[in-house]
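Take a look at the letters that make up each chain.
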Amino acid sequence: MRVSQYFLPLLRENPSEAQIVSHRLMLRAGMIRQSSAGIYSWLPLGWRVLSKVEQIVREEQDRAGALEILMPTIQPAELWRESGRYDDYGKEMLRITDRHDREMLYGPTNEEQVTAIFRDAVKSYRDVPKNLYHIQWKFRDEVRPRFGVMRGREFLMKDAYSFDLDKEGAKRAYNKMFFSYLRTFARMGLKAIPMQAETGPIGGDLSHEFQVLAETGESEVFCDPAWLERDILAGTVDYDGDLEPAFRDWTSLYAATSDIHDPAKCPVPADKLATARGIEVGQTFYFGSKYSKPMGAVVAGPNGEEIALEMGSYGIGVSRLVGALIEVNHDDGGIIWPEAVAPFRIGLVNLRVADEKCRAAADDLYGKLRNAGVEVLYDDRDESPGAKFAAMDLIGLPHQAIIGPRGVAAGTIEVKNRRSGAREDMPVEGFLARFAGR
Ligand code: 5CA
């Protein structure tokens with residue numbers, strides 16, 4: 001993509017409404033624009049990152065055996081009356097009346113909707129277990145939407161729902177999601193620690209919040225520092241095997257949010273306990289028959305007996321993750337994208353657009369990178385080198401390839417690593433071998 005043809009409305013100044021760094025940088029880097037409080041449009045650069053985050057979430061859900069569906073954003077109120085949550089949910093639910101005076105709502109979550117789908121389609125124990133998920137926009141009329149996409153009113157969530165015949169089955173489903181979450185966040189380069197949690201309005205008796213440690217996190221968290229050494233990607237997760245021993249091992253290390261943490265009962269001595277702030281990027285719940293019983297989601301067992309399905313639900317804040325990624329990956333110059341979610345891998349900068357040789361060299365390299373399928377953003381604008389460097393640092397692509405008269409004469413490209421700041425002059429062929437696999 002050429003910057004001259006892109007839609008990248010960068011801001012030079014810090015927007016006054018943004019209190020935290022991810023919100024500031026997402027506005028300045030032209031990733032999002034606010035539509036109304038807590039509701040955002042995603043511009044091309046932001047949309048690319050959101051899509052990459054979404055794709056990693058999807059791949060790890062699929063790997064764990066969950067099946068992707070897509071449920072609507074607007075749901076009928078009747079469903080929520082069946083579960084008894086219509087009145088309980090209070091002002092956080094956006095209620096809508098259609099032209100026929102039917103009561104509808106913009107879904108804040110989908111337990112009722114998915115339970116109704118399952119109840120109507122599945123009648124026999126043979127068709128269980130299943131785990132259905134979707135990646136869809138939610139609406140919660142938060143009292144204080146703030147911090148940009150971190151606490152929005154409209155936000156993108158991945159929510160999965162498991163259906164099992166008994167508690168043991170439901171625990172197996174829970175374990176699969178638990179490990180798929182560890183892998184999902186690790187693939188984005190995030191250290192997300194599962195913490196025992198309260199279940200809140202979703203209900204149930206087993207729940208973990210996955211917290212990414214960051215100074216600006218909304219929750220106060222406590223954990224065994226040994227958590228920080230763990231790496232889920234170092235091994236493989238056997239989703240067909242018994243995950244319970246591994247689950248026990250991972251959860252044997254202490255980790256709790258301030259809602260649950262009790263210094264008197266904490267097994268880690270106070271001087272060894274890590275205290276930090278966390279951003280909740282996901283939460284898992286096991287709640288048994290809380291929805292299946294009132295909504296009549298039952299199947300016939302092997303002897304014809306009626307079995308109320310055992311359920312769990314598993315959410316990931318997909319749009320919040322984009323903010324969380326920036327909170328832990330930035331410096332004074334701007335964002336520093338981990339490769340896995342970077343909107344483009346390489347930022348190609350032509351320092352001297354008026355120079356025929358520079359232009360030819362940059363165009364040639366751009367064509368070769370594109371042909372090799374490398375995601376490259378090419379700054380071909382007639383701007384000062386200073387402005388171009390600042391823009392590249394701000395948008396945070398992992399590698400910058402800089403073309404100027406000196407390098408063109410020598411047949412080299414200056415390559416800058418955004419994270420380390422290291423610069424190196426590379427021959428064009430060496431550069432292509434490294435980044436375009438030639
Ligand atoms: N139905 C369950 C799980 S599917 C559920 O709704 N869980 S939740 O309430 O914990 O939300 C799941 C995730 O969505 C949270 O962990 C958080 O990362 C994200 N999330 C929740 N509220 C917001 C919000 N207002 N803005 C951005 N992300 C949010």
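Every value quoted in this text rests on a predicted model; they were computed, and no experiment measured them.

**A few points about the packing of helix H2 (residues 44-63) against helix H6 (residues 167-187)**
No. 1: In the contact formed by H2 and H6, the axes pass within 9 Å of each other and the chain directions differ by 150°. By the angle class used here, H2 and H6 are roughly antiparallel. The crossing of H2 and H6 is right-handed. Along its contact with H2, which presents Ile56, Val57, Glu59, Glu60, Gln61 and Arg63, the element H6 presents Met177, Ser180, Tyr181, Arg183, Thr184 and Arg187.
No. 2: Its residues placed into classes, the contact of H2 with H6 shows four nonpolar, three polar and five charged.

**Things to note about the pairing of strand E21 (residues 399-403)**
No. 1: Of all five residues in E21, five are buried, a share of seventy percent or more.
No. 2: The pairing of strand E19 (residues 346-350) with E21 spans five bridges and is classified as parallel. By the bridge assignment for E21, Leu348 is matched with Ala401.

**What to know about the domain arrangement of the chain**
No. 1: The domains assigned to the chain are domain 1 (3-335) and domain 2 (344-435).
No. 2: Domain 1 and domain 2 are separated by 38 Å when their C-alpha centres are compared.
No. 3: On the side of domain 2, 14 residues touch domain 1, which itself brings 17 residues to the contact.
No. 4: Of all residues in domain 1, Val3, Arg48 and Ile335 give up the largest surface area on contact with domain 2, accounting jointly for 38% of the area buried on that side.

**Comments concerning the sheet that holds E21**
No. 1: Across the sheet, five strands lie side by side as E20-E19-E21-E22-E23; this open sheet has mixed pairing. Each end of this open sheet is capped by a strand with a single partner; those strands are strand E20 (376-379) and strand E23 (423-427). Each adjacent strand pair in this sheet contributes to an overall mean axis angle of 25°, direction not counted.

Scoring rules and cut-offs
Residues numbered from 1 in each chain as written. Predicted model: local features only at pLDDT ≥ 70, side-chain atom pairs only at ≥ 80, totals over all residues. Heavy atoms only, no water. Axes fitted to C-alpha atoms, helices over the stretch in contact; angles between N-to-C directions. Helix = DSSP H or I, 4+ residues; strand = E, 2+ residues; numbered from the N terminus. Parallel < 35°, antiparallel > 145°, perpendicular 65-115°, else oblique. Left-handed = near helix turned anticlockwise from the far one by under 90°. Contact = heavy atoms within 4.5 Å. Nonpolar A, V, L, I, M, F, W, Y, C, P; charged D, E, K, R; others polar. Buried < 20%, exposed > 50% of the residue type's maximum accessible area, 1.4 Å probe, protein only. Pairing = 2+ DSSP bridges. Domains from an automatic or database assignment. Buried area = accessible area lost by both parts, 1.4 Å probe.

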